[in-house]
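Survey of secondary and tertiary structure
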Amino acid sequence: MQSSPDPAAPAPGGGDEVRAREFGGEISLRSGIHVLTSVLLVVALGVSVRLPLSAAVINLVLCSLFAFTYFFGAMWWNQWGQKAQLAWVTALTVLWVFQLPVGPVAVYLVFPLFFLYLQIIGGIGGVVAVVVTTAVAILTQVPAGLTVGGVMGPGVSALVTLAINYAFTKLARANRERQDLIDQLMATRSELAETQHAAGVVAERQRIAHEIHDTLAQGLSSIQMLLHVAESELTDSPLSDADRAAPLERIRLARSTAAENLSEARAMIAALQPAALSTASLDGALQRIAANHGAASGLDIEVDVDGANRQLAMKEEAALLRIAQGAVANVVTHAAAVRCRISLSYGVDEVRLDVVDDGCGFDPADVANRPAGLGHVGLAAMRQRAEELGGVLEVESAPGAGTAISVALPRSTAEPDDGVAAESFPEGF
């Protein structure tokens, strides 16, 4: 298994085996292997007292070299490349082979080597290395005579090592998947919180705009109409011009003040609209979305408008704009598309917005069956916006077949606001 600064890096020789990120159990396992290796080295050194002097010296030197090589590499092997790691484990194997004829107890040092083979070589290669080393440990005992213990020791050690490595590989993989799920959940929570906050801000701005429209703007409009009627009646009255001059001046001043305040109220309502709608119509805002996203991503985005263009209520225009923004953002981020088309259709009974792309697509049923809150918050937010206005949002997609998002608002909810448009007042107001 190739070492990498990223503990989750895949093993180059591990086939389907995936290296999970470090977790507490794996660190404990490595610490346990270090302790076991230390104990085995102490036992191997202790055998020296029963060996001839020359053999004891050789055993002492080989054990010392093995200990130094093992623990030096144990501290740094995660920072080495694959070739350096293989050189390290090869050096340990050579030292172990030289120890076998000197001190028979050294055969048990194969146990930490098993773990190193599985960690550094990984996969089938690691298993083969374990099997070959087990055979070497058994065959070196043939000159002195094989025993059941001599065969069972390395054999059982190999099986136990393979079982432990398999178990910890599964645990590490499960730990990585759990951590990925937690990371996705936290990211989704943040996305959901941002979406809810943005939706709350938009809803509150629209509520304030509607309040201004329904109270202040409507009241000023009524005042202007009443003043206009009063001025007409005063002008047609039998009073002399001198008697009418002062009242007419005050009426005109009141009308002028009301007109100025009404203009300010309209400006406030316009300022509370989405920025893209404050200086352009809905189709103009869609053109701007297409231009901005197209320039940023290189995606070919077209905008088509079908039917007689008519003014919609501010909340309907804002909802359609936000849905278009979310849909195009999804295309840019996830679809890997080349072309995208935004279509706005003014029908007799409804207003329809379609966003279609030629990207990789997805399975809508799979998205619908996912636990609430785990991704695809954008689609849920679009559907909620449409439903709040009595509309319907539909998603058509399949893997490799692109995606089409369509939202339709009934005409009953898509009529323009009355009472604040300048054309609703007599000329000169």
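Here we summarise the structure given alongside this text. Not measured: the values here are computed from a predicted model.

All told, the structure shown has 7 salt bridges when counted by the stated rule. The closest approach of N and O atoms between Glu-231 and Arg-255, which form a salt bridge, is 2.4 Å. Within this pair, whereas Glu-231 is found in helix 6 (residues 148–235), its partner Arg-255 is found in helix 7 (residues 241–271), the two being separated by 24 residues in sequence. On the basis of relative accessible area, Glu-231 is assigned to the buried category, the value being 12%. Between Asp-304 and Arg-341 there is a salt bridge, and its shortest N-O distance comes to 2.1 Å. You can see Asp-304 sitting in strand 1 (residues 300–306) and its partner Arg-341 sitting in strand 2 (residues 339–346), a full 37 residues away along the chain. By relative accessible area, Arg-341 is classed as partly exposed at 32%. Several salt bridges converge on common partners, so that one network encompasses Asp-300, Glu-302, Asp-304, Arg-339 and Arg-341.

Further remarks concern the packing of helix 9 (residues 282–297) against helix 10 (residues 314–335). With their axes 10 Å apart at the nearest point, helix 9 and helix 10 run at an angle of 15 degrees to one another. As far as their axial angle goes, helix 10 and helix 9 are roughly parallel. The handedness of the crossing between helix 9 and helix 10 comes out as right-handed. In this structure, helix 9 contributes Leu-282, Ala-285, Leu-286, Ile-289, His-293 and Ser-297 to the contact, and helix 10 contributes Glu-317, Leu-320, Leu-321, Ala-324, Gln-325, Val-328, Ala-329 and Val-332. Here the residues of the contact of helix 9 with helix 10 are counted per class, giving 10 nonpolar, 3 polar and 1 charged.

Between its first and last C-alpha atoms helix 9 spans 22 Å; for 16 residues at 1.5 Å apiece the expected length is 22 Å, and the two agree. In the stretch just after helix 9, Gly-298 is the one whose phi turns positive, near 80 degrees.

Summarising the sheet, strand 1 and strand 2 pair through 7 bridges and their orientation is parallel. Of the residues in strand 2, the one forming a bridge with Asp-300 is Arg-339. The β-α-β motif built from strand 1, the intervening helix 10 and the parallel element strand 2 has left-handed crossover chirality.

What counts and how
- Residues numbered from 1 in each chain as written.
- Predicted model: local features only at pLDDT ≥ 70, side-chain atom pairs only at ≥ 80, totals over all residues.
- Heavy atoms only, no water.
- Salt bridge = Lys/Arg side-chain N within 4 Å of Asp/Glu carboxyl O.
- Helix = DSSP H or I, 4+ residues; strand = E, 2+ residues; numbered from the N terminus.
- Buried < 20%, exposed > 50% of the residue type's maximum accessible area, 1.4 Å probe, protein only.
- Axes fitted to C-alpha atoms, helices over the stretch in contact; angles between N-to-C directions.
- Parallel < 35°, antiparallel > 145°, perpendicular 65-115°, else oblique.
- Left-handed = near helix turned anticlockwise from the far one by under 90°.
- Contact = heavy atoms within 4.5 Å.
- Nonpolar A, V, L, I, M, F, W, Y, C, P; charged D, E, K, R; others polar.
- Expected span 1.5 Å × (residues − 1).
- Pairing = 2+ DSSP bridges.
- Right-handed = clockwise from strand over helix to strand, strands pointing away.

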